[in-house]
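# Tertiary structure, described
Below, each chain spelled out in residue letters.
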Amino acid sequence: MNSPPLDDRDGVIWYNGKLVPWREAKVHVLTHSLHYGNAVFEGARIYNGKVFKLTEHSARLVKSAKMLAYDVPYTVAQLDAATKLVVAENKLEGGYVRPLAWRGPEVIGVSAIGTKVHVMIAAFPWGAYYQQKAIRICTSRWKRPSPESSPAGSKAAGLYIICTLAKDEALAAGYQDALMHDYKDRLSEATGANLFLVLDGELHTPTTETILNGITRQTVMDLARKRGLTVVEREIWPEELARASEVFLTGTAVEVQPVGAIDAREYPVGPVTQQLQSDYAALVRS
Ligand SMILES: Cc1ncc(COP(=O)(O)O)c(C=O)c1O
């Protein structure tokens, strides 16, 4: 059975400082961000009624907007409090939080000067991102742009155009996700998650030049170091996939997700992935 569409649910959404009934949280069709892609958003998970790394997510929302030259009209502390309120009001023990900031319908041109900034925070149940224990992913034809062409560190709606294209092409080809290269043809990230390879017993992950520097990525690097693993952030080239003994993805939604294959090459769900998967599962519930 399909779950009801996201605009037709019970509960409340935090909208510009107030809790509004779920079905009434709407925007006008001439909203600037709808036309020009400059909304910014977050995705956080709720475990045992608490939002994991809440302040980091609130801070990134503010930073993402700053990178697109606007200010979220709430402090990080206010966003944290609003998120806690919306999780409690919707009586969620587990699930997902989706904050969004966007520019309003005051002007229609490319310039956004003169628009008001709006913020909403929605929270809802959401289970595992993938159904598979280990996913199969394919190399996308879409490349992460150079930092001169896009604000890579911003979780900006417009940057997800290529993620959605890459993901839907992968699904149509029978894979669960896509791996994007970057503008120099180095490995970068999946469509909503960061990439890790195990190489000679060390953990290797691409630098942050063209990716979103995931909060889960940083958490998992810390967990790996605590286990005594060497963690290396560097440029990684596609040929190196042949040498990897394990591959996994990290992200708020996907958590620590084993990759069982990239294109035709297969990988086992190895000991490093399993260890970090269980360390992460324990940490988010602690
Ligand atoms: C493109 C992209 N990369 C990486 C991530 C992982 O980020 P985080 O661990 O902060 O959820 C996400 C998810 O937000 C994403 O959309």
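Cut-offs applied
- Residues numbered from 1 in each chain as written.
- Predicted model: local features only at pLDDT ≥ 70, side-chain atom pairs only at ≥ 80, totals over all residues.
- Heavy atoms only, no water.
- Salt bridge = Lys/Arg side-chain N within 4 Å of Asp/Glu carboxyl O.
- Buried < 20%, exposed > 50% of the residue type's maximum accessible area, 1.4 Å probe, protein only.
- Helix = DSSP H or I, 4+ residues; strand = E, 2+ residues; numbered from the N terminus.
- Patch = residues over 30% accessible without salt bridge, like charges linked within 9 Å, V, L, I, M, F, W, Y side chains within 5 Å.
- Areas by Shrake-Rupley, 256 points an atom, 1.4 Å probe, with all protein chains shown as cover.
- Polar contact = N/O pair within 3.5 Å; in protein donor to acceptor, adjacent residues only side chain to side chain.
- Contact = heavy atoms within 4.5 Å.
- Near = heavy atom within 4 Å.
- Nonpolar A, V, L, I, M, F, W, Y, C, P; charged D, E, K, R; others polar.
- Lys, Arg positive; Asp, Glu negative; His and termini not counted.
- Domains from an automatic or database assignment.
- Buried area = accessible area lost by both parts, 1.4 Å probe.

### Looking at the pattern of salt bridges
All chains considered together, the criterion is met by 18 salt bridges. Notably, a salt bridge pairs Asp71 with Lys66, separated by 2.5 Å at the nearest N-O pair. With a relative accessible area of 48%, Asp71 lands in the partly exposed category. Overall, Lys66 belongs to the exposed group, its relative accessible area being 52%. A salt bridge links Glu266 to Arg136; its shortest N-O distance comes to 3.2 Å. Of this pair, Glu266 sits in strand E16 (residues 265-266) while Arg136 is found in strand E8 (residues 135-144), placing the two residues 130 residues apart along the sequence. Exposure remark for Glu266: the relative accessible area of 52% places this residue in the exposed category.

### Re unusual backbone geometry
In this structure, Ala69 takes a positive phi of about 70° despite not being glycine. Although it is not a glycine, Asp200 adopts a positive phi angle of roughly 50°. One can find Asp200 in the loop between strand E11 (194-199) and strand E12 (202-206). For Asp200, a relative accessible area of 67% puts it in the exposed group.

### Regarding a nonpolar patch on the surface
Residues Val29, Leu30, Tyr36, Ile108 and Val110 make up a contiguous nonpolar surface patch of roughly 500 Å² in combined accessible area. Here Leu30 is to be found in the loop between strand E2 (18-21) and helix H1 (32-36). Assessed through its relative accessible area of 41%, Leu30 is described here as partly exposed.

### Regarding the side chain of His204
With respect to the element layout, His204 can be found in strand E12. Take His204: its relative accessible area is 7%, and that puts it in the buried class. Among the polar contacts listed, one links the side chain of His204 to the side chain of Glu202, at a separation of 2.9 Å. In contact with His204, not counting residues within four places along its chain, are Leu195, Phe196, Leu197, Leu199, Val232, Arg234 and Ile236.

### Details of the site of the ligand
Not every one of the 14 residues close to the ligand is listed here, only the nearest: Tyr160, Glu189, Ile215, Thr216 and Thr252. One of the side-chain nitrogen or oxygen atoms of Thr216 is found 2.6 Å away from an oxygen atom of the ligand. When the ligand is considered free in solution it has 380 Å² of accessible area, and contact with the protein chains removes 95% of it. Of the residues in the shell around the ligand, the class split is four nonpolar, seven polar and three charged.

### Side note on the side chain of Arg9
In this structure, Arg9 sits in the segment before strand E1 (12-15). The buried charged residue Arg9 lacks any salt bridge partner; its closest oppositely charged side chain belongs to Asp7, at an N-O distance of 7.5 Å. In terms of polar contacts, Arg9 uses its side chain to reach the backbone carbonyl oxygen of Pro4, at 3.0 Å. Those residues in contact with Arg9 that sit more than four places away from it in its chain are Ser3, Pro4, Trp22, Arg23 and Phe124.

### Digging into the domain arrangement of the protein chain
The figure often quoted for interface size is the accessible area lost as the parts come together. Taken domain by domain, the protein chain holds domain 1 (12-124) and domain 2 (135-284). Computed from C-alpha coordinates alone, the two centres of domain 1 and domain 2 are separated by 26 Å. Together, the buried faces of domain 1 and domain 2 total about 1600 Å²; carbon and sulfur atoms form 64% of this surface. Contact with domain 2 buries area across many residues of domain 1, yet Phe41, Phe52 and Arg60 alone supply 35% of it, more than any other trio.

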